[in-house]
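Reading the structure
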Amino acid sequence: MNCSISGEVPEEPVVSKKSGLLFEKRLVERHISDYGKCPITGEPLTIDDVVPVKAGKIVKPRPVQAASIPGMIGMFQNHDAACRVIARLKKERDEARSLLAQAERPIPTSAATSNAVHAPAVSNGKRGAEEEDHGPGGKKARAGISTDIIAELTDCNLELSQQRKRRTIPATLAPIEDLERYTQISSYPLHKTNKPGILSVDIHYSKDIIATGGIDTNAVVFDRPSGQIVSTLSGHSKKVTSIKIVPQDESLVITGSADKTVRLWQGSEDGNYDCRHVLKDHTAEVQAVTVHATNKYFVTASLDNSWCFYDLASGLCLSQVTDYSGSEGYTSAAFHPDGLILGAGTTDALVKIWDVKTQVNVAKFDGHTGPVTAMSFSENGYFLATAAHDGVKLWDLRKLKNFRSFPSPDQDTPTNYVDFDHSGSYLTVASSDIRVYQVASVKSEWNCLKTLPDLSGTGKATCAKFGPDAKYIAVGSLDRNLRIFGLPGEDGAQES
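These numbers come from a predicted model, not from an experiment.

Turning next to the nonpolar core. With 33 residues, the main nonpolar core has Ile210, Ile473, Ala474, Leu482 and Ile484 as its most contacted residues. Ignoring any residue separated from it by four or fewer positions in sequence, one finds isoleucine 210 in contact with Val201, Asp202, Ile203, Val220, Val221, Phe222, Arg224, Ile245, Tyr472, Ala474, Leu482 and Ile484. Counting residues in each nonpolar core, the second largest holds 19 residues, with Val299, Ala301, Leu318 and Ala333 among its members.

Structure, rendered in structure tokens:
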């Protein structure tokens, strides 16, 4: 008795009076509310057409066939190893609960004191509040990823999976013949001369806003259509290694730094960005930031061999997951488009796949040489591209294997960045040059459409990301300039 939508045993089973199909009540009611029809047959369906099934307590059997990529990955794992990890996580949870039960911390009576941790700090040099919240004995207390949040992540996964089945390539996507003509059309000196180098880039597609993180400790928010800097985000004491704009709200920016902190920045009407939270949960360099598809949560990954799951609104770390199976730290991370699995690259050339709901490591990919510097999931949810010193590897998540590799063009220069465009049609790779590939199937050839030179003079492109509809590529290198590659004569902004 499995749900016809999820393929899993339902907790609250209901049956359609019209088709006789069994569903999880929560899932089918949501689908009826959104579409007014049966998710399987497509026939009109109302809430009154489904009736509850009276049954005893249901014990879920081990699934014969996974109904999702996380489940599929889990099927391939060693059961005993998974049990040991779960036992350790339960032990840590119980220890945290014990510590919380023993805590006798007085509730602050002063409003100024209670608000001190989250007091906003003005950007451009003025630092935010730096206090940390610890449990007794200096151990940080974690609320954990609650069942409500897990249900929210699951609902998001289901909705996005259904949308993906109806996905089509947008008519506005740049065609192959355009990408073959791309050249540098503008260059903007966004960062300082004395500490040049752009290490990370992100783009808000609907607003066409670009954010960069630099070696000069600053992050910059840049409006590409006008060619103007919106705001310079100052506050980190070391290089900004990762930056993300929250897709649902371009006024929210998250930065990770080698100073071991993560900062949440809030834009205001005057264009300035204020530091809303300074998060100090890591004990080593923060190497990656990735935002969940709900736009309510995000994950950071660090060289301290842990990743943290945060609530975006409060800046609270709900869970910090440390993998004790090795000593390697994390150098990259990315959410799968559906949000239920997390990819993380390590200093020891491993790619680890985590189940976000259980925080269990369900797969490991090896074969790279050197730290895994970047990763990107394709929009179809089937492919993962990873970059390291030896180049790029493409992984088929359905079969958990590497099906294609692109070696680095220069043996002495690592591949620093890899990025699928939002439609999943193209892939860009940054190394000693920038290369653009046409995405194909596992068996078909992925053709290199264009090779763009690194014009910084440093011989090292550090990041390259597609703009909206792949109409341009934003490139960072080890100089201070953000470069835009696109069709000649189609950049509306004046070059700085």
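Let's pick the thread back up.
Moving on: the pairing of strand S15 (residues 306–311). Each regular strand carries side chains that alternate between the two faces of the sheet. S15 sits mainly inside the fold: 6 of its 6 residues count as buried. Of the two faces of S15, the one lined by Ser306, Cys308 and Tyr310 and the one lined by Trp307, Phe309 and Asp311 are each fully buried. Pairing of strand S14 (residues 297–302) with S15 involves 5 bridges; the strand directions are antiparallel. Bridging across to S15, threonine 300 finds its partner in cysteine 308. What sits between S14 and S15 in their antiparallel hairpin is a turn of 3 residues, with asparagine 305 showing a positive phi close to 70 degrees. Bridging between S15 and strand S16 (residues 317–322) involves 5 bridges; their strand directions are antiparallel. Each residue of the ladder has a partner; that of tyrosine 310, found in S16, is cysteine 317. With antiparallel pairing between neighbouring strands as the criterion, S15 and S16 make up a hairpin whose turn holds 5 residues, including glycine 315 at a positive phi of roughly 75 degrees.

A separate point is the confidence of the model for the chain. Confidence in the prediction of the chain, expressed as mean pLDDT, is 84, and 81% of residues score 70 or more. Within the model, the stretch residues 103–139 combines pLDDT values under 50 with 51 contacts to residues more than four positions away or in other chains.

Further remarks concern the pattern of salt bridges. The final tally for this structure, using the stated rule, is 12 salt bridges. Lysine 465 is paired through a salt bridge with aspartate 419; the nearest N and O atoms lie 3.3 Å apart. Residue lysine 465 is located in strand S29 (residues 461–466), and its partner aspartate 419 is located in strand S25 (residues 417–420); the two are separated by 46 residues in the primary sequence. Taking the relative accessible area as the measure of exposure, aspartate 419 reaches 6% and is therefore buried. One continuous salt-bridge network, built from bridges that share partners, spans Arg26, Arg30, Asp155 and Glu159.

Another point: the sheet that holds strand S30 (residues 472–477). Read from one edge to the other, the open sheet built from 4 strands follows the order S4-S31-S30-S29, with strand pairing classed as antiparallel. If you trace the sheet from one side to the other, it starts and ends with strand S4 (183–189) and S29, each paired once. For this sheet the average axis-to-axis angle between neighbouring strands, irrespective of direction, equals 20 degrees.

This paragraph deals with the pairing of strand S27 (residues 433–438). Where strand S26 (residues 426–430) lies against S27, 5 bridges are found, and the strand directions are antiparallel. The residue of S27 that forms the bridge with alanine 430 is isoleucine 434. Counted between consecutive antiparallel strands, the loop separating S26 from S27 contains 2 residues. Note: S27 against strand S28 (residues 448–453), 5 bridges, orientation antiparallel.

Attention now moves to the packing of aromatic side chains. Taken as a whole, this structure holds 11 aromatic pairs when the rule is applied. Between phenylalanine 298 and tyrosine 310, the ring centres sit 4.9 Å apart and the planes meet at 10 degrees, which makes this aromatic pair stacked. One end of the pair, phenylalanine 298, is in strand S14; the other, tyrosine 310, is in strand S15, with 12 residues separating them in the sequence. On the basis of relative accessible area, tyrosine 310 is assigned to the buried category, the value being 0%. A ring pair is formed by tyrosine 426 and phenylalanine 466, whose centres lie 6.3 Å apart and whose planes are at 40 degrees; its orientation type is tilted. Of this pair, tyrosine 426 sits in strand S26 while phenylalanine 466 is found in strand S29, placing the two residues 40 residues apart along the sequence. The same class applies to tyrosine 426 and to phenylalanine 466, which are both buried. Against the face of tyrosine 382 rests arginine 398, its NZ or CZ located 4.2 Å from the ring centre.

Our next topic: the environment of arginine 398. You can see arginine 398 is positioned in the loop between strand S23 (391–396) and strand S24 (401–407). For the pair arginine 398 and phenylalanine 383, spaced 15 residues apart in sequence, the C-alpha to C-alpha distance is 8.5 Å.

Moving on, we get to helix H1 (residues 25–35). One full turn of an α-helix is made of 3.6 residues, so residues set three or four places apart face in the same direction. Within H1 the residues assigned to the buried category are Leu27, Val28, His31 and Ile32. For H1, the angular spread of buried residues about the axis comes to 130 degrees, placing them on one side. On its buried face, H1 sits against strand S1 (13–16), strand S2 (22–24), strand S3 (50–52) and helix H5 (147–165). Of the residues one or two after H1, glycine 36 is the one with positive phi, at around 70 degrees.

Cut-offs and rules
- Residues numbered from 1 in each chain as written.
- Predicted model: local features only at pLDDT ≥ 70, side-chain atom pairs only at ≥ 80, totals over all residues.
- Heavy atoms only, no water.
- Core = buried A, V, L, I, M, F, W, Y, C linked by side-chain atoms within 4.5 Å.
- Buried < 20%, exposed > 50% of the residue type's maximum accessible area, 1.4 Å probe, protein only.
- Contact = heavy atoms within 4.5 Å.
- Helix = DSSP H or I, 4+ residues; strand = E, 2+ residues; numbered from the N terminus.
- Pairing = 2+ DSSP bridges.
- pLDDT = per-residue confidence, 0-100.
- Salt bridge = Lys/Arg side-chain N within 4 Å of Asp/Glu carboxyl O.
- Axes fitted to C-alpha atoms, helices over the stretch in contact; angles between N-to-C directions.
- Phe/Tyr/Trp six-rings, centres within 6.5 Å; stacked < 30°, edge-to-face > 60°.
- Lys NZ or Arg CZ within 6 Å of the ring centre and 35° of its normal.
- Arc of directions from axis to C-beta.

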